[in-house]
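These are the residues of each chain, in order.
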Amino acid sequence: MTDIDQAIRDVVKGASVVTIGLFLELLIAFVAQVVAARYLSAADFGGLTAGTALLDIGAIVAGLGLASGLTRYLPRVETGEKRMLALVTVGLSLVTSTALGVAVATNAGFIASEVFGNPNVTVSIRVFGAAIPFATLLNVAVGGIRGQERSTYWVLVKNIVHPIVRIGLVVTAVLYGADQAGLAGAYAVPYVVSATIGLVLLHRTLPRTRTDFDRDRIEELTRYSLPFTVTGVSSFVYRSIDIFLVLYFIGDAATGVYGVAYAAVSFMGMFSTAVNFLGSPIASRLESDGAVEDVMAMFRAVVRWLLVASVCALVPLGVFATDFIDVIYGSKYAAGGTVLTILAVGFAVKNVLSIHNSILEAVGRSKVLSVNSAIAAVTNLGLNLVLIPRMGIVGAAVATTASFLLRDGLAAIQVYLALDETPLSWRATRSVTLAVPFLAVVWTVVAPATPGTFLWLVGITGVTATAYVVAVLLVFGLSETDVMIIRSAEEQYGLPLGRVDGLIRWLAN
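Note that the structure is predicted; figures quoted are calculated from it, not measured.

Attention now goes to the overall build of the chain. Scanning the chain from terminus to terminus reveals 23 helices and zero strands. In the chain, which comprises 509 residues, the proportion classed as buried is 56%. Just so you have it, the chain exposes about 20700 Å², and 65% of that area is on carbon and sulfur atoms.

Following this line, the structure appears as structure tokens:
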């Protein structure tokens, strides 16, 4: 088996594990969120949404980008250096995150009243501020696990332990009649548990031997990592600054409605997250061996199915967006239907284009990524300031979608200019020619005739997704890479394909 075939197998295998884990995480988190959203008023849920956003930005700033540094350097350094790098990055993160967490928690009242102009969110800010050190250490642990290419540990920490602890605490808080503070604690405490387990698992992946402190190596890793702080902050701005601006301009009730729509669309992000989880470190390993062409071939092989998965997800989250929110979250959040449709389109394009960021990361262009994110962040901030006062939460969704397209579009152009190649070949993206008429028919013909109930929503989603996948296979068939992956799964897991084997050979011709 060639190196590129092995790399594709590793990515697909890791992506499969991570996809299952992400689905479990999102499903459990989704249930917890629905429970919280239905239990709390829209205003209180808006406070909870603002608090979680504050926790995210706090962990990004305090982490100094060191999680990304571990992801890149652990696959590249000698065995003895790995433990030394992990110990130093965890120590640095602990110091910076503790200082920031204490500052936020002790000044929660000032931040709520003077920065956000809404004292009702004080309790959420205080609780989530105290959780910043644990969220930061969780990110570092996961970055190290990712660098060690241990996808099962990622799944255990991020996709199983964290959401299960959260839903358990959320349900308990609801049963005992907790207020916003109790629900905030139910969201924050899981970071303590998952960070502890994540650090233990990272420790298990590392070799027992350890070299002495290497100042030069630490400085090299830090120089590479620090731009990711800018990238992370910029990414937060174009992903989540709208939460704070909606809170400031419109109020906590609108923040709750917008937060519901944004959380719902997060399901779409699991496809690209799963691929990029192992895609980036494996691409880094290939690039360090001088196999840049293999890096491109590896990502080209998965683009096709990222596109197909995104189109299928557009049916419930784009076409039936209002029905989805009404059925799942309740009528008090139904105003977020248009917002969900806009965000779903943005996430669908982001799923495909985001692989370019992993390619740039693999070839060491962290500063380029920082510039792209900064440009997208400034654009997002400007658009939000202009559009939210005029268009409300719909304006926030437009601004976020535009910034996604700008950042990932810039990355796509830069990959092509730097490597004179692109993973977006015609063979990889031609299924879009079926997607446009397919979605048009669902939107104009199927949707108006479909009752807005849970069973109908699930049924139509399953039928339309199956129809689209079948159409793609009948028109374009299976690629050599697709067949290689199927044969590898058949061999590794002893899958009895039987009559399906003849269909596979027919589709491969």
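Here the narrative resumes, following the displayed structure.
Quick look at the packing of aromatic side chains now. This structure, assessed with the given rule, holds six aromatic pairs. Aromatic side chains Tyr 262 and Phe 347 sit 6.0 Å apart centroid to centroid with 80 degrees between the ring planes, which places their arrangement in the edge-to-face category. Highlighted residues: Tyr 262 in helix H11 (residues 252-265) and Phe 347 in helix H15 (residues 337-353), separated in sequence by 85 residues. By relative accessible area, Phe 347 is classed as buried at 7%. An aromatic cluster is defined as three or more aromatic residues linked by ring pairs; in this entry it consists of Tyr 258, Tyr 262, Phe 347 and Phe 404. Over the ring of Phe 404 we find Lys 350; its NZ or CZ atom is 5.5 Å from the centre of that ring.

Mean pLDDT over the chain works out to 79, with 81% of the residues at or above the 70 mark. Per-element confidence in the chain ranges from a low mean pLDDT of 55 for helix H12 (residues 270-288) to a high of 90 for H15.

Right, let's talk about the packing of helix H6 (residues 122-130) against helix H7 (residues 132-147) for a bit. At a minimum axis distance of 4 Å, the contact between H6 and H7 shows a crossing angle of 45 degrees. Relative to H7, the element H6 lies oblique. Between H6 and H7, the residues in contact are Phe 128, Gly 129 and Ala 130 and Ile 132, Pro 133 and Phe 134, respectively. Along the lines of polarity and charge, the residues of the contact of H6 with H7 split into five nonpolar, one polar and no charged.

Thresholds, definitions, all that
- Residues numbered from 1 in each chain as written.
- Predicted model: local features only at pLDDT ≥ 70, side-chain atom pairs only at ≥ 80, totals over all residues.
- Heavy atoms only, no water.
- Helix = DSSP H or I, 4+ residues; strand = E, 2+ residues; numbered from the N terminus.
- Buried < 20%, exposed > 50% of the residue type's maximum accessible area, 1.4 Å probe, protein only.
- Areas by Shrake-Rupley, 256 points an atom, 1.4 Å probe, with all protein chains shown as cover.
- Phe/Tyr/Trp six-rings, centres within 6.5 Å; stacked < 30°, edge-to-face > 60°.
- Lys NZ or Arg CZ within 6 Å of the ring centre and 35° of its normal.
- pLDDT = per-residue confidence, 0-100.
- Axes fitted to C-alpha atoms, helices over the stretch in contact; angles between N-to-C directions.
- Parallel < 35°, antiparallel > 145°, perpendicular 65-115°, else oblique.
- Contact = heavy atoms within 4.5 Å.
- Nonpolar A, V, L, I, M, F, W, Y, C, P; charged D, E, K, R; others polar.

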